[in-house]
Amino acid sequence: MAEAKFLSVKEAMQKGSGEVSIRGWVYRERGSNKLRFIVLRDSTGILQCVIEKDKVGEEKFEEAKKLQVETSLTLKGTIKKDERAPSGFEVSVSEFEVIGWSDTFPITKDQSAEFLADNRHLWLRSRKMTSIMKIRSTVFGAIHEYFRNHGFLEFHSPIFQGTQSEGGSTVFEVDYFGKKVYLAQTWQLPAEAGIFALEKIYTIAPSFRAEKSKTSRHLTEYWHAEMEMAWASFKDIQDHGEGLLKHIVKKVLENNVEDLEILKREPGKLKPTLEKPFVRLSYDEALKILKEKAKMEIPWGKDLRTLEEDKLSSLYDMPVIVYNYPKEVKAFYMKENPDNPKTVFGCDFIAPEGYGELIGGSEREPDIEEIKKRLRAQGEDPDEYGFYLDTRKYGSVPHGGFGLGVERVVSWICGLDSIKDSIPFPRTMLRYNP
Ligand code: 4AD
Ligand code: MG
């Protein structure tokens, strides 16, 4: 069969009739002494193929009887519509060739989450994971596209960093030739130096958080899409966050309707994000709404906890932007609000349906003394932040940016129970293998 031009399963079904050559893995198999039904899987879908003793001959049929789930093979045959087949088409096989035999595949129906996690490298082949990974790929593509369409240049910062930036409690320390360095929690601080050359920049890179919490929203290693922009107002930052999320959802609805169907995710749940402007609430307004609509009394100055974010998100069908948080609960680099110095120009985008914070962003504090003061208040030594403080010394400009947690977005779009399924090989406090 070496000369055959292979079609994907999807292309073969689009062709719909006549001769086709396809290749893939056995997804399911059953049959009798005369007939074997092989459901073949490739990256594009599944397709039932029938191997008949009378057609392929005694010897080949003996081989067909030994085909196990996940055996890889190539085959040639005639495709036709068949309502009874799992994907509506069936191939009557004239020739097949085994490429790689399979041992008995360990993953069968109704396995525990723990077993699937231990066998993640094999579980990736499932239809569920395949669809999630396709959506994830669309999301990454959409992020690059959005930023490039808006004149942002891709800029890279180091993963090994000399300082923390998002609070010492979630920083990973690494022994760097006898010195202590940290894995990047964010690209932001080097990026704030980068805007003086490139003005509008973005990245998609891994960020690391030593999260001890075993929640359905936290990974220790996640992909972080970040942007930083010179001459930006606080509103520009929020507008780009909204624009980016809308673009991501648009692309998924254009490209992945079949995958959403496999995941049993209703596309209608995502449409309001595309169609309606996001609700924007100040922190004060958010407290008021939580009090009035949910009888939740939050003392002014406290951060919103998961519980409160979930309640707030349940009141809307698109992301909600909460802005002007109390200074105390936010990072040292956020700009003080001149109208109320107890608050900062920081914003969080809270996902609908309880998927938590999708984006965190802010306008950045321009005043070098204020930054030093806040670093000291967090127990940091401003001298270690020399490169960062220089960004405020040589022609500083108003600027800001945000970071989007790609796995949070994928979880929400796919309607997943846990963030762990939004990434091929999740890393959490308890899992670093496979
Ligand atoms: O809100 P965070 O901590 O903001 C920053 O790191 C800023 N320096 C970003 C910036 O302005 N350039 O993180 C940004 C986003 C969160 O909104 C969340 O979506 C995601 O990163 N995130 C996580 N995702 C998965 N697992 C974790 N442990 C995460 N921690 C944050
Ligand atoms: Mg945040």
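Scroll up to find the structure.
Overview of the structure.

Conventions used here
Residues numbered from 1 in each chain as written. Chains lettered and ligands numbered in written order. Predicted model: local features only at pLDDT ≥ 70, side-chain atom pairs only at ≥ 80, totals over all residues. Heavy atoms only, no water. Near = heavy atom within 4 Å. Polar contact = N/O pair within 3.5 Å; in protein donor to acceptor, adjacent residues only side chain to side chain. Areas by Shrake-Rupley, 256 points an atom, 1.4 Å probe, with all protein chains shown as cover. Helix = DSSP H or I, 4+ residues; strand = E, 2+ residues; numbered from the N terminus. Nonpolar A, V, L, I, M, F, W, Y, C, P; charged D, E, K, R; others polar. Pairing = 2+ DSSP bridges. Contact = heavy atoms within 4.5 Å. Axes fitted to C-alpha atoms, helices over the stretch in contact; angles between N-to-C directions. Phe/Tyr/Trp six-rings, centres within 6.5 Å; stacked < 30°, edge-to-face > 60°. Buried < 20%, exposed > 50% of the residue type's maximum accessible area, 1.4 Å probe, protein only. Salt bridge = Lys/Arg side-chain N within 4 Å of Asp/Glu carboxyl O. Core = buried A, V, L, I, M, F, W, Y, C linked by side-chain atoms within 4.5 Å. Parallel < 35°, antiparallel > 145°, perpendicular 65-115°, else oblique. Left-handed = near helix turned anticlockwise from the far one by under 90°.

## Re the site of ligand 1
Neighbouring ligand 1 are 23 residues, the closest being Glu 166, Gln 188, Leu 219, Glu 226 and Glu 357. Between ligand 1 and Thr 186 there is a distance of 3.0 Å, counted from a nitrogen atom to a side-chain nitrogen or oxygen. Taken by itself ligand 1 offers 630 Å² of open surface, and the protein chains cover 93% of this. Listed by contribution, the elements that provide at least two residues to the shell around ligand 1 are strand E11 (221-230), strand E15 (357-363) and strand E16 (399-405). For the shell around ligand 1, the per-class residue count stands at seven nonpolar, eight polar and eight charged.

## Details of the sheet that holds strand E8 (residues 173-176)
Taken in spatial order, the three strands of this open sheet run E7-E9-E8, and their pairing is antiparallel. Edge positions in the sheet fall to strand E7 (160-161) and E8, since each of these pairs with one other strand and no more. By the bridge criterion, two bridges tie E7 to strand E9 (residues 179-183) in an arrangement that is antiparallel. Bridge pairing in E9 places Phe 160 opposite Leu 183.

## Quick word on the sheet that holds strand E12 (residues 279-282)
Pairing within the open sheet is mixed, and its eight strands lie in the order E6-E10-E11-E16-E15-E14-E13-E12. With one partner strand each, in any of the chains shown, strand E6 (153-154) and E12 form the two edges of the open sheet. Here E6 pairs with strand E10 (residues 200-208) via two bridges, running parallel. Bridging from a neighbouring strand, Leu 153 pairs with Ile 201 of E10. Against the sheet, helix H8 (residues 234-255) makes contact with E11, E12, strand E13 (320-326), strand E14 (343-350), E15 and E16, and its axis sits at roughly 30° relative to E16, the strand it touches most.

## Let's talk about the packing of aromatic side chains
Under the defined criterion, the tally for this structure stands at 17 aromatic pairs. Here Phe 147 and Phe 152 contribute two aromatic rings whose centre-to-centre distance is 5.1 Å and whose plane-to-plane angle is 65°, an arrangement assigned as edge-to-face. Its relative accessible area of 0% is what places Phe 147 among the buried residues. Phe 152 gets classed as buried once you look at its relative accessible area, which sits at 2%.

## Quick word on the pattern of salt bridges
Opposite charge on two side chains allows them to pair when their charged atoms are near. For the coordinates displayed, the defined rule picks out 39 salt bridges. Between Lys 65 and Glu 62 there is a salt bridge whose closest N-O contact spans 3.3 Å. Here Glu 62 and Lys 65 lie together in helix H3 (residues 58-65), a separation of three residues that amounts to about one turn. In this structure, Glu 173 and Lys 180 form a salt bridge, with 4.0 Å as the shortest nitrogen-oxygen distance. Lys 180 matches Glu 173 in its accessibility class, with the two residues each being exposed. One salt-bridge network, in which partners are shared between bridges, spans Lys 327, Glu 336, Glu 365, Glu 370, Lys 373 and Arg 374.

## Here we look at the nonpolar core
Counting 68 residues, the largest nonpolar core has Val 139, Ile 143, Leu 404, Trp 412 and Ile 413 as the members making the most contacts within it. Looking at this core element by element, the count peaks at nine residues for helix H6 (residues 127-149). Once residues lying within four places of it in the same chain are set aside, the contact partners of Ile 413 are Ile 135, Val 139, Ile 248, Val 249, Val 252, Leu 260, Arg 265 and Leu 270. Val 26, Ile 51, Phe 61 and Val 93 belong to the second largest nonpolar core, which has 23 residues in total.

## Observations regarding the packing of H6 against H8
In the contact formed by H6 and H8, the axes pass within 9 Å of each other and the chain directions differ by 135°. Looking at the two axes, H6 sits oblique to H8. For the pair H6 and H8, the crossing hand works out as right-handed. On H8, the residues that touch Ile 135, Thr 138, Val 139, Ala 142, Ile 143, Glu 145, Tyr 146 and Phe 147 of H6 are Asp 239, His 240, Gly 243, Leu 244, His 247, Ile 248, Lys 251, Val 252 and Asn 255. Looking at the contact of H6 with H8 residue by residue, the class counts come to nine nonpolar, five polar and three charged.

## Observations regarding the side chain of His 247
The topology assignment puts His 247 in helix H8. Judged by relative accessible area, which is 13%, His 247 ranks as buried. With residues near it in sequence (within four places) discarded, His 247 still touches Ala 142, Glu 145 and Tyr 146.

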